[in-house]
Amino acid sequence: MRSRAALAVSGGVVAVALAAAGWAAGTALGAPEPAATRSPVAIVTTPAATVTATSTPSATATTVARTCSVAAAARDPRLHAFQGQVVDARTGEVLFDRGGSTPSRAASVMKLLTSAAALKVLGPDYRLTTRVVEGAQPGEIVLVGGGDVTLSRTPVGTTTAYAGAPHLATLAQQVKTAWQAAHPGQAITRIVLDDSYFGGPSWQPSWNVKERALGSTPKMTALMVDGDRADPALSTSPRGSDPVGRAGTAFAAYFGGVSLSRGTAPAGAKELGAVRSQPLSRLIEQELIVSDNTLAETIARVTAIRAGTGNTFSSIDAAVLPALRSYGIEPTGVRVVDGSGLSDDDRIPPAYLTKLLVSVLDRADGLGPIFDGLPIAGRTGSLSYSDRFTGAAARADGHVWAKTGWIDSGYTLAGIIRAKDGTPLTFAFYALGPAIVSPTAKQALDTLTADVWSCGKRLSDH
């Protein structure tokens, strides 16, 4: 029986050290991709090894006969309307192309673009901050959301779906200490909830509302706890109808007998306490490893805010495209409707991904955290589930680093292959249908990817 990395349930932590052919990737936790086994997981790994510069495009590579065909696998009917491209990361040569320049919906592969843009705009050390300030009335404080969806209502020391998350308990203790110092003998009687950092709507109009009940995606508000999960320990858990209210109720419990209302903090109000998320580099790893829609959306929204394009869904595209352009790859045909890829209206040509992934492989321009977050076939995250890289495709275990994607109308896979012959390849494959695509498309994508791994630099476009 092939081994798979053990995944701890109920927010447990597993240390996983992985290296294949001299490459290693650090990973984190995340949330949902449809899978035969969907374990709630927080994974901690050893730091990622530095990948050698063998992936730098060069025209000096030795010419070989490209006689290894994957055409039959690419015609698998489970792939429906297939698009894909494979590039030799050493030379930049396109080895295989089926509609690679056509912009199409890419599902959760969109998270690669969201992450790249955020690293450019925010930087890897950026942290999301939740604050409490004094209110306008006596006895009043204001809980100000800053987009940190990892903030937890659980007791300090509890491991949640987001390892290393800050806790409301810590914030409440800070507030009590600061309040008593500033207002000795006066009680806190009212908490105002300020989620104005994000503008509406809280639900992207093209999203299917079933995602809330399925447990993949909440309403996106700047103030929430545990990604608005019913169970903070589970990556996939039903989300509620009022994330702000859930957060407020949890915070109020630390003060007893206070009233709650909605509003905004007074300008220049004195800060009574603040807690911060893990750094962006870590949040990206947590976002990518098991495809966390909640993190992707808050990262995209904060990127837009910091880029100055706005604080709504409609402001994301205007922030992401210039950030992507700054990596020296023109995002022709790219359309960013959301940060997670949940919308059918998102568009990415496979050819853009294969280029971007060369830079990810090289850890160029600060893109290393994306590599660190990519699931590894048969080992980590959404590529370690029991229905991924099974059977003959298991020969590529440990040699494929890739972002998975799923929406009702398609499955996608894009990433990096260390081929059997040692050639570094980047690839992007889409299996898209007019309506619902069967989950068996995942196995077809894995088979095709494993065939590309076997071919390496001998891969033919015929």
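Residues numbered from 1 in each chain as written. Predicted model: local features only at pLDDT ≥ 70, side-chain atom pairs only at ≥ 80, totals over all residues. Heavy atoms only, no water.

(A) Spotlight on the nonpolar core. In terms of nonpolar packing, the biggest core is built from 59 residues, with Leu112, Leu113, Ile348, Leu353 and Ile370 touching the most fellow members. If you list the elements that add at least two residues to this core, you get helix H2 (110–121), helix H6 (280–289), helix H7 (293–307), helix H8 (316–325), helix H9 (350–362), helix H10 (368–373), strand S11 (410–418) and strand S12 (424–432). Look past the residues within four positions of Ile348 in its chain and what remains in contact with it is Thr102, Pro103, Ser104, Ala106, Met110, Leu113, Val334, Leu353 and Tyr430. Membership of the second largest hydrophobic core comes to 34 residues, among which are Ala74, Ile417, Phe427 and Trp453. (Core = buried A, V, L, I, M, F, W, Y, C linked by side-chain atoms within 4.5 Å. Buried < 20%, exposed > 50% of the residue type's maximum accessible area, 1.4 Å probe, protein only. Helix = DSSP H or I, 4+ residues; strand = E, 2+ residues; numbered from the N terminus. Contact = heavy atoms within 4.5 Å.)

(B) Structural view of the confidence of the model for the protein. Of the residues in the protein, 87% have a pLDDT of 70 or more, and the chain-wide mean is 89. Note that residues 1–61 has pLDDT below 50 and, in this model, 186 contacts with residues that lie over four places away or in other chains. (pLDDT = per-residue confidence, 0-100.)

(C) Representation of the pattern of salt bridges in the model. Taken as a whole and assessed by the stated rule, the structure comprises 16 salt bridges. For the salt bridge of Glu271 with Arg131, the shortest nitrogen-to-oxygen distance reads 3.9 Å. Taken together, the positions of Glu271 in strand S9 (residues 271–276) and Arg131 in strand S5 (residues 129–134) put the pair 140 residues apart, joining distant regions of the chain. Of the residues examined, Glu271 reaches a relative accessible area of 44% and is grouped as partly exposed. Across the pair Asp292 and Arg229 runs a salt bridge, and its minimum N-O distance is 3.1 Å. A residue pair is termed long-range when its members are at least 10 positions apart, and Asp292 in the loop between H6 and H7 and Arg229 in the loop between helix H4 (210–214) and helix H5 (243–252) qualify at 63 residues. Note on Arg229: relative accessible area 0%, which makes it buried. (Salt bridge = Lys/Arg side-chain N within 4 Å of Asp/Glu carboxyl O.)

(D) Quick look at unusual backbone geometry. Each neighbour pair has its own omega, and for Gly200 with Pro201 the value is 0 degrees, a cis peptide bond. Here Pro201 is to be found in the loop between strand S7 (190–194) and H4. A positive phi angle, close to 55 degrees, is found at His80, a residue other than glycine. Mapped onto the elements of the fold, His80 is located in the loop between helix H1 (71–74) and strand S3 (81–88). The residue Phe389 is not glycine, and still its phi comes out positive at about 50 degrees. You can call Phe389 buried: its relative accessible area is 0%.

(E) Molecular detail of the environment of Val109. Among the secondary structure elements, Val109 is positioned in the loop between strand S4 (94–98) and H2. Note on Val109: relative accessible area 0%, which makes it buried. Spatially, the C-alpha atom of Val109 lies 9.6 Å from that of Tyr411, the residues being 302 residues apart in sequence.

(F) Looking closely at the packing of aromatic side chains. By the definition in use, this model includes 8 aromatic pairs. With 5.2 Å between their ring centres and 80 degrees between their planes, Trp207 and Phe313 make a pair best called edge-to-face. Here the residue Trp207 occupies a position in the loop between S7 and H4, and Phe313 occupies one in the loop between H7 and H8, the gap between them amounting to 106 residues. Between Phe427 and Phe429, the aromatic rings sit 5.1 Å apart at their centres with planes inclined by 50 degrees, giving tilted as the arrangement. By the burial criterion, Phe427 is buried, and Phe429 matches it. Counting every residue linked through ring pairs, the aromatic cluster contains Phe82, Phe427 and Phe429. For the cation-ring pair, Arg212 lies above Trp203, with the distance from its terminal atom to the ring centre recorded as 4.8 Å. (Phe/Tyr/Trp six-rings, centres within 6.5 Å; stacked < 30°, edge-to-face > 60°. Lys NZ or Arg CZ within 6 Å of the ring centre and 35° of its normal.)

(G) How the structure looks around the sheet that holds strand S10 (residues 400–407). If you trace the 5 strands from one edge of the open sheet to the other, you get S4-S3-S12-S11-S10, paired in antiparallel fashion. The two strands at the open ends of the sheet, each matched to only one other strand, are S4 and S10. Taking the axes of each pair of neighbouring strands and ignoring which way they run, one obtains an average angle of 10 degrees across the sheet. Strands S3, S11 and S12 of the sheet are contacted by H9, whose axis makes an angle of about 145 degrees with S12. (Pairing = 2+ DSSP bridges. Axes fitted to C-alpha atoms, helices over the stretch in contact; angles between N-to-C directions.)

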